[in-house]
Amino acid sequence: MVKRKTCVFISGKGSNLKNLISYSRDSSFPIKISLVISNNRNASGINFAKKYKVPYILINTKIKSHENKILMSLKKYKISFICLAGYMKIISKNLIRYYEGKIINIHPSLLPKFKGLNTFSRMLEKNETKGGCTVHFVNDKLDSGIKIIQKFFFIKSGDNEIILKKKTQNLEYRAFPEAIIKIFRDI
Ligand code: GAR
């Protein structure tokens, strides 16, 4: 099986990156993590790239040429698939155009509910009964592309933001790999 060379974009802890690296070591998993890109030089997730010897690139989104640097790096590593795993920046329209239908994102809510940031505090404010995560294709509107997989849990009284995040991330570690398997099974 030819694995798709994949780049994972991160901004922080990188627990989804770690999980994807671990899945990708299975010969039947359809992607190989060939590159990590972080917009945050202090992202602890970079340590997973170092530990598992995956090349990584830091980009400064304040510098105008950063988009060019991203595109050149993706080209250099022959990347054909992109996973946004806690990447807290908007992806440029140009990049979306180059990789149309090949960029997916994981979001910590049951989209279309709670697009954007601070999902857990907003869910608690609204007395939601269910939380969860969504893996979706990326288009040029925030958290709005076609859904691939959603997983949910019931919110219990007493659940706070920390608990919601933990429950959500536990689902994410299953949802992200399942979504990837589904995409490449269907084509
Ligand atoms: C994940 O929970 C992901 O859903 C969220 O960031 C976290 C990253 O965790 N993404 C977003 O909020 C995107 N809008 P990780 O760095 O431990 O993988």
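I will try to describe carefully the structure that is included in this document. (Residues numbered from 1 in each chain as written. Predicted model: local features only at pLDDT ≥ 70, side-chain atom pairs only at ≥ 80, totals over all residues. Heavy atoms only, no water.)

## What to know about helix 1 (residues 15–24)
Counting buried positions along helix 1 yields 7 of 10 residues, so the element is predominantly enclosed. The complete set of buried residues in helix 1 reads Ser15, Asn16, Leu17, Asn19, Leu20, Ile21 and Ser24. (Buried < 20%, exposed > 50% of the residue type's maximum accessible area, 1.4 Å probe, protein only. Helix = DSSP H or I, 4+ residues; strand = E, 2+ residues; numbered from the N terminus.)

## Topic: the environment of Val2
Tracing the backbone shows Val2 in the segment before strand 1 (4–10). The class for Val2 is exposed, based on a relative accessible area of 70%. Distance in space between the C-alpha atoms of Val2 and Glu161 is 41 Å, their sequence separation being 159 residues.

## Let's talk about the sheet that holds strand 3 (residues 56–58)
An order of 3-2-1-4-5-6-7 is seen for the 7 strands of this open sheet, with the pairing classed as mixed. The sheet is open, and its two edges are formed by strand 3 and strand 7 (147–154), each paired on a single side. Direction aside, the axes of adjacent strands within the sheet are offset by 20 degrees on average. In the sheet, strand 5 (residues 103–107) pairs with strand 6 (residues 130–137) via 4 bridges, with the strands oriented antiparallel. The partner of Ile104 across the bridge, within strand 6, is Phe137. Across the face of the sheet, helix 1 comes into contact with strand 1, strand 2 (31–38), strand 4 (81–84) and strand 5 while running at roughly 155 degrees to strand 2. Across the face of the sheet, helix 3 (residues 66–76) comes into contact with strand 1, strand 2, strand 3 and strand 4 while running at roughly 160 degrees to strand 2. (Pairing = 2+ DSSP bridges. Axes fitted to C-alpha atoms, helices over the stretch in contact; angles between N-to-C directions. Contact = heavy atoms within 4.5 Å.)

## Re unusual backbone geometry
Cis geometry is adopted by the peptide bond preceding Pro112, which originates at Leu111 and carries an omega value of 15 degrees. Mapped onto the elements, Pro112 comes out in the loop between strand 5 and helix 5 (119–125). Unusually for a residue other than glycine, Phe114 sits at a positive phi of about 60 degrees. With a relative accessible area of 12%, Phe114 lands in the buried category. Here the phi dihedral of Asn127 falls at roughly 50 degrees; this positive angle occurs in a residue that is not glycine. One can find Asn127 in the loop between helix 5 and strand 6. Overall, Asn127 belongs to the exposed group, its relative accessible area being 65%.

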